[in-house]
Amino acid sequence: MTMARPKNTLKTAISKAPQMAVSIGKLRMANPVMVASGCFGYGEEISRFYPLSKLGAIMVKGTTLEPRPGNPPPRMAETPAGMLNAIGLQNVGVDAFLKDKLPFLRKAGVPCVVNINGKTVDEYAELARRLEGVPGIGALEVNISCPNVKEGGIEFGSTVEGAVRVVSAVRKATAQTLITKLSPNVTDVRSIARACVDSGSDALSAINTVVGMAIDARTRRPMLRNVTGGLSGPAVKPIGLRVIYQVAQAVKVPLVGMGGVVTGEDAAEYLLAGATAVAVGTANYLEPQAALKVVQGLEAYLKSQKVADVHEIIGGLRVGPPKA
Ligand SMILES: Cc1cc2nc3c(=O)[nH]c(=O)nc-3n(C[C@H](O)[C@H](O)[C@H](O)COP(=O)(O)O)c2cc1C
């Protein structure tokens, strides 16, 4: 009796790993999977679970000129298929970031993207100057879309004029790669995307959280002390995909897609919609290995689709009736 060899075993065993490296401006990444700002701290805790160099890049916690305590608690609430947060940009401030946090990330061998936030246009520009030419910083993510602060944040990202003022000032202040983070809480995201690119942004990221609220009917109180917060997680993925798809039609710069990425296929969906990279946010709170699993899952997806280079699927969405 002869043993039949399972079909394709040999082919699978020798098939080459797909090429996963991508670039966004001067930021070179080993793969397209980043972690989203505010959902990974500065990487120290999660580095106990896997080498951070397995990731494309780390977008660190929203950084401001001065340290901030953030909003009073409760400031997180679980919702169906997602969560609400109103952290309010709690962070150590730019000086402590440079002194105490960045050296760790440099040693970890992973590029870092600093998410910058100002109460005024001048504060954004000052942050960009402080971070100019610092080794280990691959890019700045200009956050004009935080829904949880009274001054700055979404105030700039919800109008073309506000976006132009911030991005032009930051562009003048630095030669670093700029990724401007867009809000889904606007009527026409395409016009804001175009304004950011025309003002000198090298790339765009989307989406920040979707403004929402949750109520405890028994106590008749809002779940968050801030009353409203930002919705994230799988519940927002359809909104993120729509925003990336629309923005990809409007501008030609690289995009970072985020909102509900949990699996490799979620990442592939964002790439098909037009993103060059993705960022994993809320999923990190569910499972420390979440982002690593997205890297592995995306690689498995590319292999299963017989794609040799990840660039082949970027913007590769098949729209229109299926071919017979
Ligand atoms: C707890 C928490 C804190 C966040 N903090 C920031 C922040 O400081 N800066 C920022 O640009 N986005 C922040 N975000 C938004 C995420 O970076 C991301 O854009 C959003 O959560 C959508 O991705 P996700 O569904 O994978 O979480 C935060 C999100 C959460 C859940």
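Residues numbered from 1 in each chain as written. Predicted model: local features only at pLDDT ≥ 70, side-chain atom pairs only at ≥ 80, totals over all residues. Heavy atoms only, no water.

Undergrad: Could you give an account of the pattern of salt bridges, naming the residues involved and the relevant values?
TA: Under the defined criterion, the tally for this structure stands at 13 salt bridges. Note that D188 is salt-bridged to R190, the shortest N-O span being 3.5 Å. Assessed through its relative accessible area of 33%, R190 is described here as partly exposed. A salt bridge links D266 to K237; its shortest N-O distance comes to 2.7 Å. Placement of D266 in helix 8 (residues 264–273) and of K237 in helix 7 (residues 237–250) is noted, with a sequence separation of 29 residues between them. Here the salt bridges share partners, and the residues they tie into one network are D95, E126, R129 and R130. (Salt bridge = Lys/Arg side-chain N within 4 Å of Asp/Glu carboxyl O. Buried < 20%, exposed > 50% of the residue type's maximum accessible area, 1.4 Å probe, protein only. Helix = DSSP H or I, 4+ residues; strand = E, 2+ residues; numbered from the N terminus.)

Undergrad: Please set out the site of the ligand residue by residue, giving values where relevant.
TA: What surrounds the ligand is a group of 26 residues, the closest being S37, N115, G233, G260 and T282. Between the ligand and K61, the relevant distance is 3.1 Å, taken from an oxygen atom to a side-chain nitrogen or oxygen of the residue. Contact between the ligand and I207: an oxygen atom at 2.8 Å from a main-chain N or O atom of the residue. Starting from 610 Å² of accessible surface for the ligand in isolation, the protein chains cover 97%. (Near = heavy atom within 4 Å. Polar contact = N/O pair within 3.5 Å; in protein donor to acceptor, adjacent residues only side chain to side chain. Areas by Shrake-Rupley, 256 points an atom, 1.4 Å probe, with all protein chains shown as cover.)

Undergrad: Lay out the packing of aromatic side chains with the relevant residues and their values.
TA: Counting across every chain of the model gives two aromatic pairs. Between Y42 and F97, the aromatic rings sit 5.9 Å apart at their centres with planes inclined by 35 degrees, giving tilted as the arrangement. Pair noted here: Y42 is in the loop between strand 3 (33–35) and strand 4 (57–59) and F97 is in helix 2 (residues 94–108), with a separation of 55 residues, a long-range link. For F97, a relative accessible area of 0% corresponds to the buried category. (Phe/Tyr/Trp six-rings, centres within 6.5 Å; stacked < 30°, edge-to-face > 60°.)

Undergrad: Any details on helix 6 (residues 189–198)? Residues and values, ideally.
TA: Every buried residue belonging to helix 6 is among V189, I192, A193, A195 and C196, and all of these are buried. Around the axis of helix 6, the buried residues are gathered within 160 degrees of arc, so they sit on the same side. In the core, the buried residues of helix 6 are packed alongside helix 4 (154–157), helix 5 (160–173), strand 9 (178–181), strand 10 (203–206) and helix 7. One or two residues past the end of helix 6 sits G200, with phi positive at roughly 110 degrees. (Arc of directions from axis to C-beta. Contact = heavy atoms within 4.5 Å.)

Undergrad: Could you give me a rundown of the sheet that holds strand 8 (residues 137–143), with the residues and numbers involved?
TA: Spatially, eight strands are ordered 3-4-7-8-9-10-15-16 in a closed barrel, and the strand pairing comes out parallel. Averaged over neighbouring strand pairs, the angle between their axes works out to 25 degrees when direction is ignored. Across three bridges, strand 3 lies against strand 16 (residues 277–280) in parallel orientation. When the bridges of strand 16 are listed, V35 appears paired with V280. The strands touched by helix 10 (residues 290–304) within the sheet are strand 3 and strand 16, with strand 3 carrying the most contacts at an inclination of about 170 degrees. (Pairing = 2+ DSSP bridges. Axes fitted to C-alpha atoms, helices over the stretch in contact; angles between N-to-C directions.)

Undergrad: Which residues make up the confidence of the model for the protein, and what values do they have?
TA: In the predicted model, the protein carries a mean pLDDT of 94, and 95% of its residues have values of at least 70. Predicted confidence for residues 9–14 stays below pLDDT 50, and this span has two contacts to residues more than four positions away or in other chains. (pLDDT = per-residue confidence, 0-100.)

Undergrad: Could you give an account of the side chain of T282, naming the residues involved and the relevant values?
TA: With respect to the helices and strands, the residue T282 is situated in the loop between strand 16 and helix 9 (283–286). Within polar-contact distance, the side chain of T282 engages the side chain of S232 at 2.7 Å. Among residues more than four places away in sequence, those in contact with T282 are C39, M83, S232 and G233.

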